[in-house]
Amino acid sequence: MPSKEQKKCFLCPLLGVAKCSNCEVYYCTAEHAALHSDGSYCFPYKVGYIKEKGRVLYATRDIKPLELILVDPGTVVGPNYRSTCVCITCLKGLDSITLCTGCSYPVCDEKCMREERHMKECCLLAKSSANAKQITKSGISEGYAPVTILRVLLLAESLSESWTRTNELMDHLTEKTVHPLEWDWYENSIIRYIREDLALAKRFSVKDIERSIGLLNVNAVCLQFSKARGIPAKEVGKGLYPIFAIMSHECICNARYIVDPKTFKMYVRARVSIKAGTELTVQYLSALWGTFKRRKKIKEEWYFDCTCRRCSDPTECGTYSSGVQCLDCNTGILLPEDPLDYSSPWACNRCSLAISSSRIQTLVEDIESEVDSILTTQQYWRYKEILLKYSGTILHPAHWILTTARRNLIQYLCYSNTEDVLHILNVEERFKLCEDFLNVLKKVDPGWSELNMFILREYHFAKLNILERYYASGVINIAEFSVKSRNSIEALDKVKKQNEYLEFDT
């Protein structure tokens, strides 16, 4: 006889009224049943609780790498507060502007203009065209600022099951004073606009709008869709995914999400093998960032201090991703004595030198600014100069800034005209670039990811090119060429199969 605890709904605290016919999971409503199974496949997750974290998700059975863990249809999707010109409905970038005949916001076509979600807000946005008129074909404007917040407010009015799940999320409004300038902007650009320009003061209180802003800021996922996998994509909007939002952050996580750009449904898959009863975790930030930058950003955006195994380890899992060459002995590496203390002194692992955290951060931020300027000027070949200038001289060769530079240089070499990039790196150098990157990635970001697939593909293409050259010049015989090339071909076939999980149409 199952206990009361076992009969609880897998997604909420209520008692289940029915048990899944394929597994031991209980659910309380038909809506929750649909989030547990698609009819033939049971998603292997359930909500649990950890005192230090609150609600979390657990694996209900053993899960294999790449296996689907959950599908979150999302509850609110919309444009960013500040955005380039995108369709207000599907968020596609627009080269030419077609205006909605009701609210004057940009749309793709008649279909997007008449889409059900937009129709609900169109008559409200039509009460003032001031924001819509700010939007131009080029540049970033604040014209979209109230749109996604208005969608959250309309969802709240629906009192639907989707709103119930969204309303359970945290808004961290008690930390408003941490970002006073941001909240001044929200007051002027969103709250006043909705209440005064759109004349909705009687319908939506200041408290209602602030709650919506808090929910979106703390829980929304950035929506980024690239035309080619591995290329950094511009952020086109944000979405609220209440099931996904329950998942905790771990800098070295066991799951990864992708969003279908057509339906905006989120698919969460296992990155590695996961045992039953294990907490399901995701990353909130890039794994390529160093500990100081990651923890600081996490604290600013999500109001908690990460103490995971990577953050707690000065060497960051043996990669030395934040290591700085000793300023005295030149052979030792400077690392924080206590990586969980933002102001911890840094000490050399070879000599007695110890210096302040502020001095390290000034050094790192100066180099980071130099690297960031490459994106601004689009002189991507300068990443090679950065690697030659700082690797092993100022920064540890696997420092996160250099790892990021390697990633960006590999992407540039891959997606640029071949004739233009041949003079930057020969095939052996390109292979070494991928090898160095992979050696860091497998420690700080192990398992399946789009970036892992991209780098593995470039690594094995370069390896095959080298093998073909060695065979043609007689350095290796046919037997050695066959064995080593077969390994790379098999690895490329595996990457190709993994890539199919990103093709939603298939």
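As the structure is a prediction and not an experimental result, all values here were calculated from the model. (Residues numbered from 1 in each chain as written. Predicted model: local features only at pLDDT ≥ 70, side-chain atom pairs only at ≥ 80, totals over all residues. Heavy atoms only, no water.)

Caption draft 1: Structural detail: the sheet that holds strand E13 (residues 266-270). Strand order in this open sheet of three strands is E5-E13-E12, and the pairing throughout is antiparallel. Strands at the two margins of the open sheet, each flanked by one partner only, are strand E5 (68-72) and strand E12 (255-259). Direction aside, the axes of adjacent strands within the sheet are offset by 20 degrees on average. The sheet contact formed by E5 and E13 spans four bridges and is antiparallel. Paired with Val71 across the bridge in E13 is Tyr267. (Pairing = 2+ DSSP bridges. Helix = DSSP H or I, 4+ residues; strand = E, 2+ residues; numbered from the N terminus. Axes fitted to C-alpha atoms, helices over the stretch in contact; angles between N-to-C directions.)

Caption draft 2: Looking closely at the packing of aromatic side chains. Tallying each qualifying case throughout the model produces 15 aromatic pairs. Taken together, a centroid distance of 6.1 Å and an interplanar angle of 80 degrees make the contact between Phe292 and Tyr342 edge-to-face. Taken together, the residues Phe292 in helix H8 (residues 291-302) and Tyr342 in the loop between strand E16 (333-336) and strand E17 (346-348) connect sequence positions 50 residues apart. The class for Tyr342 is partly exposed, based on a relative accessible area of 28%. Here Lys293 stacks its cationic end above the ring of Trp289, 4.3 Å away from the centre of that ring. The cationic tip of Arg295 hangs over the ring face of Tyr342; the distance from NZ or CZ to the ring centre is 4.9 Å. (Phe/Tyr/Trp six-rings, centres within 6.5 Å; stacked < 30°, edge-to-face > 60°. Buried < 20%, exposed > 50% of the residue type's maximum accessible area, 1.4 Å probe, protein only. Lys NZ or Arg CZ within 6 Å of the ring centre and 35° of its normal.)

Caption draft 3: Representation of the packing of helix H4 (residues 147-158) against helix H7 (residues 206-219). Where H4 meets H7, the axes come as close as 9 Å, and the angle between the chain directions of the two elements is 110 degrees. The angle between H4 and H7 places the two elements in the roughly perpendicular class. Where H4 crosses over H7, the two elements pack in a sense that is right-handed. Across the interface between the two elements, Thr148, Ile149, Val152 and Leu153 from H4 touch Asp208, Ile209, Ser212, Ile213 and Leu216 from H7. Among the residues forming the contact of H4 with H7, the class breakdown is six nonpolar, two polar and one charged. (Parallel < 35°, antiparallel > 145°, perpendicular 65-115°, else oblique. Left-handed = near helix turned anticlockwise from the far one by under 90°. Contact = heavy atoms within 4.5 Å. Nonpolar A, V, L, I, M, F, W, Y, C, P; charged D, E, K, R; others polar.)

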